[in-house]
Amino acid sequence: FARMFVQVCLYFYCKCLWRCLKFVVRKLTGQCELQRICYNTKPGAARTMKIEASLKGSKSKRLQTSVSVHPDAIEKTIDDIMELKRINPDINPQLGVSLQACLLQIVGYRNLIAEVEKLRREPYDAENPQHEQMLLKLWKCLKPNSPLKARISKQWCEIGFQGDDPKTDFRGMGLLGLYNLVYFAECDTEIALQVLSDSLQPKYREVTKKELSQFSKAEWEKKKFDKAIGYSFAIVGINITDLAYNLLVSGALKTHFYNVAPEAPTLTHFQQTFCYLMHEFHKFWIEEDPLDIMEFNRVREKFHKRILKQLQNPEMALCPHFAASESLINM
């Protein structure tokens with residue numbers, strides 16, 4: 001009963017009191033909620049997310065649907081919002097510019113999800129020359145001094161694929177996994193090569209007397225073989241692609257993208273974020289010092305929680321070196 005009473009009160013507050021409060025504030029300030037947000041909140045995720053929440057929570061269908069319009073219709077949408085809110089654009093010229101920047105980010109984020117989802121759903125096709133060319137480019141970027149002897153080869157294991165033919169490893173993330181790996185290897189080559197090199201290096205720890213007493217020499221040698229800091233580079237890259245994809249679809253990456261993309265976030269922004277996550281996960285893996293690869297899921301989940309916590313900060317930008325242009329400051 002108490003829970004039901006609280007829910008009823010919250011519903012009443014949200015539907016009635018909150019709208020009444022907004023009405024009173026508008027009368028006192030002479031500004032609608034959108035104006036107050038744009039004038040009192042600095043550009044970036046804090047402003048855009050408040051604008052998005054305000055539009056979605058509006059009782060007007062026109063305002064609700066404004067967050068999902070086509071990019072070409074944004075200017076017309078801004079005019080409609082100004083007219084609906086009875087805002088004179090001549091008196092408030094900067095408001096239209098600010099709203100346009102926010103809507104470009106909001107609509108762009110939705111379109112980015114659709115683009116990423118399309119790549120994820122497209123399976124790797126060995127009969128497609130473009131797919132094959134991208135896969136070979138990945139090898140050349142990561143192994144420039146080691147020619148691939150054959151398309152089906154054990155050599156693929158050297159860059160972290162599971163078998164002779166990498167196509168089977170892309171099933172979970174489709175072409176998205178390949179796109180990200182190629183981007184990392186091609187555009188962030190130095191770090192990619194370092195991460196690959198580190199992932200191939202085993203790390204053995206000292207045997208304690210207690211552990212030695214519990215295992216025979218043969219058993220310990222077998223167990224020690226599994227205790228490597230290394231991991232399968234390509235497989236982990238596909239797994240981190242899955243992590244980046246889930247951050248995107250859940251909306252967690254809005255904080256980052258709204259802070260780094262002055263207009264619509266693009267696939268390049270997503271791939272840059274993937275590069276950052278790969279590098280950070282590699283450092284995190286080493287810091288965690290796992291006993292073996294069987295701890296991968298535990299380490300990944302812990303890393304995921306760390307990133308989510310960082311993204312709760314409205315001023316967070318995961319990749320500061322991909323910061324928004326200075327023009328955003330004046331919007």
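Note that this is a predicted model, so its numbers are computed, not measured.

J.: Sorry, what's going on with the confidence of the model for the protein here?
T.: Low-pLDDT portions of the prediction should not be read for the details of their coordinates. When the pLDDT values of the protein are averaged, the result is 85; 81% of them are 70 or greater. Confidence, expressed as mean pLDDT per element, reaches its minimum in the protein at helix H11 (residues 217-226) with 50 and its maximum at helix H12 (residues 233-250) with 97. Predicted confidence is poor over residues 24-28, with pLDDT under 50, and the contacts of this stretch with residues over four places away or in other chains come to six contacts. Segment residues 322-331: pLDDT under 50, and 18 contacts once partners within four positions in sequence are set aside and those in other chains are kept.

J.: Sorry, what's going on with the pattern of salt bridges here?
T.: Side-chain pairing between opposite charges can occur once the charged atoms of the two side chains come close. If you walk through the whole model with that rule in mind, you get 18 salt bridges. With its nearest N and O atoms 3.2 Å apart, the salt bridge here joins Arg298 to Glu288. With Arg298 in helix H15 (residues 296-311) and Glu288 in helix H14 (residues 267-288), the pair connects residues that are 10 residues apart, well separated along the chain. When salt bridges that share partners are traced, they join Glu288, Glu295, Arg298 and Lys302 into one network.

J.: Could you clarify how one ought to interpret the side chain of Ser199 in this entry?
T.: In this fold, Ser199 is placed in helix H9 (residues 189-199). Excluding its chain neighbours within four sequence positions, the residues that come into contact with Ser199 are Gly230, Tyr231, Phe233 and His282.

J.: Can you help me understand a nonpolar patch on the surface in this one?
T.: A cluster of nonpolar residues, Phe1, Phe5, Val6 and Leu10, forms a patch on the protein surface that exposes about 500 Å² of accessible area. Looking at the element boundaries, Phe5 is found in helix H1 (residues 2-29).

J.: Could you clarify how one ought to interpret the packing of helix H2 (residues 33-40) against helix H3 (residues 45-56) in this entry?
T.: A pair of packed helices is characterised by two quantities: the angle between their axes and the separation of those axes. Taken N-terminus to C-terminus, the directions of H2 and H3 make an angle of 175 degrees; their axes are 10 Å apart at the nearest point. What the angle tells us is that H2 and H3 run roughly antiparallel. Packed against H2, whose contacting residues are Glu33, Leu34, Ile37 and Cys38, the element H3 presents Arg47, Lys50, Ile51, Ser54 and Leu55 at the interface. Among the residues forming the contact of H2 with H3, the class breakdown is five nonpolar, one polar and three charged.

J.: Honestly, the side chain of Asn180 in this entry has me stumped. Any pointers?
T.: Counting through the fold element by element, Asn180 comes out in helix H8 (residues 174-187). With residues near it in sequence (within four places) discarded, Asn180 still touches Thr241, Phe270, Gln271 and Phe274.

J.: Any chance you could explain H9 here in plain terms?
T.: For the α-helix, the turn length of 3.6 residues means that residues three or four positions removed from each other point alike. Listing the buried residues of H9 in full gives Ala192, Val195, Leu196 and Ser199. Down the axis, H9 shows its buried residues gathered within 100 degrees of arc, on one side only. Of the surrounding elements, those touching the buried residues of H9 are helix H7 (129-142), H8, H12 and H14.

J.: I'm lost on unusual backbone geometry in this one. Help?
T.: With the exception of glycine, most residues fall at negative phi, and the peptide bonds are largely trans. Of note, the phi angle at Arg86 is positive, near 55 degrees, even though the residue is not glycine. Tracing the backbone through its elements, the reader meets Arg86 in the loop between helix H5 (74-84) and helix H6 (93-121). In this model, Asp289 sits at a positive phi of 50 degrees, which is unusual for a non-glycine residue. Topologically, Asp289 is positioned in the loop between H14 and H15.

J.: Quick question: what am I supposed to make of the nonpolar core here?
T.: When a protein is soluble and globular, its nonpolar side chains tend to lie buried together. Counting residues in hydrophobic clusters, the biggest one holds 81 residues, and the most contacted among them are Ile51, Leu138, Leu178, Phe270 and Leu277. Counting the residues that make up this core, at least three belong to each of domain 1 (31-120) and domain 2 (126-312). With near-sequence residues (within four places) excluded, Leu138 lies in contact with Ile159, Phe161, Leu178, Leu181, Val182 and Ala185.

Rules and cut-offs
- Residues numbered from 1 in each chain as written.
- Predicted model: local features only at pLDDT ≥ 70, side-chain atom pairs only at ≥ 80, totals over all residues.
- Heavy atoms only, no water.
- pLDDT = per-residue confidence, 0-100.
- Helix = DSSP H or I, 4+ residues; strand = E, 2+ residues; numbered from the N terminus.
- Contact = heavy atoms within 4.5 Å.
- Salt bridge = Lys/Arg side-chain N within 4 Å of Asp/Glu carboxyl O.
- Patch = residues over 30% accessible without salt bridge, like charges linked within 9 Å, V, L, I, M, F, W, Y side chains within 5 Å.
- Areas by Shrake-Rupley, 256 points an atom, 1.4 Å probe, with all protein chains shown as cover.
- Axes fitted to C-alpha atoms, helices over the stretch in contact; angles between N-to-C directions.
- Parallel < 35°, antiparallel > 145°, perpendicular 65-115°, else oblique.
- Nonpolar A, V, L, I, M, F, W, Y, C, P; charged D, E, K, R; others polar.
- Buried < 20%, exposed > 50% of the residue type's maximum accessible area, 1.4 Å probe, protein only.
- Arc of directions from axis to C-beta.
- Core = buried A, V, L, I, M, F, W, Y, C linked by side-chain atoms within 4.5 Å.
- Domains from an automatic or database assignment.

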